[in-house]
Amino acid sequence: MNSLNSGTRVEIHGLESEEGKKLNGTQGTISHFSKERGRYAVNCDTSGDSCMIKESNLKAIDNIFEGEDAMLEELKRMGMPEKMIENLTPSQKKTMFEMTKRQDIVDKARNAVGEVASEEGATREMTTSSDGSYTWRDNKEAVYLEIKTTHKKEDVQCKIEPGSICISTNDNNEILLEGNLFQKVLVNECQWKWNEGGKLCLTLQKATPMRWLQVVR
C-alpha cells in the first residue's frame, strides 16, 4: 500500500544503476502513484523531469517553513523590504510558499533578496536558466529575457498572458519557452524584438514591483 501522498516533498536515494545513481540526492515533489508500475511519479526540482521511483528509494523531507507566516518572517530577516512584504497579495504569498518548498529556490533568495533591483540599462550580469534555453535579468519594474535561436522573426510567435508565456514556431513544432510566470505581468506593456545577434529579446512588465526568483515555474 502506498503511503506517500501527492504533493509530498521527497529525496531520491539508493538507486544503483548508472543512470539511477545520477538521481540520488535529487529532491522533488510527488505528482501521483502509478498502480500499474508500482512507482511514484516525482517531478524533479532541478531538471523539471518526471521520474518513476519506488517508495523504497524515496525519503520524505520536511517543508523548509511551517507556514506562510514563518516564510514571511524569514524573508524579512533576510532583508526583503517590509513594504514589499505588506503589499503581497494572498495569491502571491501562496505561490511563494509553494516555491520555498524547494531548497534551491530558498538558497537563491538568500543570495539575492537583499539586493536593490536595478533600472533598465544597469550593467547587471544576466542569469542563465536552469536548462540553458535563455538568459534573464530582474529589474525593479520588469524582467528582461534573451533567447538565442536560429529561427527568423516571421517564423516565431509569442503569446503572453497575465500569468503565462508561450514562445514557439508558427507550426508549433518547436517550443522555445513555455510555462507559468513567477508573477503576473501587464500584457499590454510587454514587448519583444529581435537584435542583430539572432536573439529574441523580451521585456515583461511586472504587475507588482517585487523581486522574481525565476521566470517560469
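Refer to the structure printed above.
For the structure given in this document, a descriptive report is provided here. (Residues numbered from 1 in each chain as written. Predicted model: local features only at pLDDT ≥ 70, side-chain atom pairs only at ≥ 80, totals over all residues. Heavy atoms only, no water.)

**Description of the overall build of the chain**
Looking only at helices and strands, the chain has five helices and 13 strands in total. The contacts of the chain with a sequence gap of at least 6 include a subset with a gap of at least 24, amounting to 50%. (Helix = DSSP H or I, 4+ residues; strand = E, 2+ residues; numbered from the N terminus. Contact = heavy atoms within 4.5 Å.)

**What to know about the nonpolar core**
Counting residues in each nonpolar core, the largest one holds 25 residues, and the members touching the most others are L145, I165, I167, L202, L204, W212 and V215. If near-sequence neighbours (up to four positions away) are discounted, L202 is found in contact with V143, Y144, L145, I147, C158, I160, I165, I167, Q191 and W192. (Core = buried A, V, L, I, M, F, W, Y, C linked by side-chain atoms within 4.5 Å. Buried < 20%, exposed > 50% of the residue type's maximum accessible area, 1.4 Å probe, protein only.)

**Quick notes on the environment of A41**
Relative to the assigned elements, A41 resides in strand β3 (residues 39–44). You can call A41 buried: its relative accessible area is 0%. Considering only alpha carbons, one finds A41 and C51, ten residues apart in sequence, at a separation of 5.5 Å. Discounting chain neighbours no more than four positions away, the residues touching A41 are T29, I30, S31, H32, S50, C51 and M52.

**Re a negative patch on the surface**
Among the surface-exposed residues, E154, D155, D171 and E174 lie close enough to one another that they form a single negatively charged patch. Inspection of the secondary structure puts E174 in the loop between β10 (164–169) and β11 (175–180). Take E174: its relative accessible area is 35%, and that puts it in the partly exposed class. (Patch = residues over 30% accessible without salt bridge, like charges linked within 9 Å, V, L, I, M, F, W, Y side chains within 5 Å. Areas by Shrake-Rupley, 256 points an atom, 1.4 Å probe, with all protein chains shown as cover. Salt bridge = Lys/Arg side-chain N within 4 Å of Asp/Glu carboxyl O. Lys, Arg positive; Asp, Glu negative; His and termini not counted. Charge placed at Lys NZ, Arg CZ, Asp CG, Glu CD.)

**A closer look at the environment of R9**
Of note, R9 is situated in strand β1 (residues 9–12). Here the side chain of R9 touches T29 through a polar contact of 3.0 Å, side chain to side chain. (Polar contact = N/O pair within 3.5 Å; in protein donor to acceptor, adjacent residues only side chain to side chain.)

**Some words on the pairing of strand β8 (residues 142–148)**
Counted residue by residue, β8 has five buried out of seven residues, so it is predominantly covered. Summarising the sheet, strand β7 (residues 135–138) and β8 pair through four bridges and their orientation is antiparallel. Along β8, the bridge assignment pairs R137 with Y144. Hairpin connection of β7 to β8: three residues between the antiparallel strands. (Pairing = 2+ DSSP bridges.)

Without other data, these values stay purely geometric and don't point to any function.
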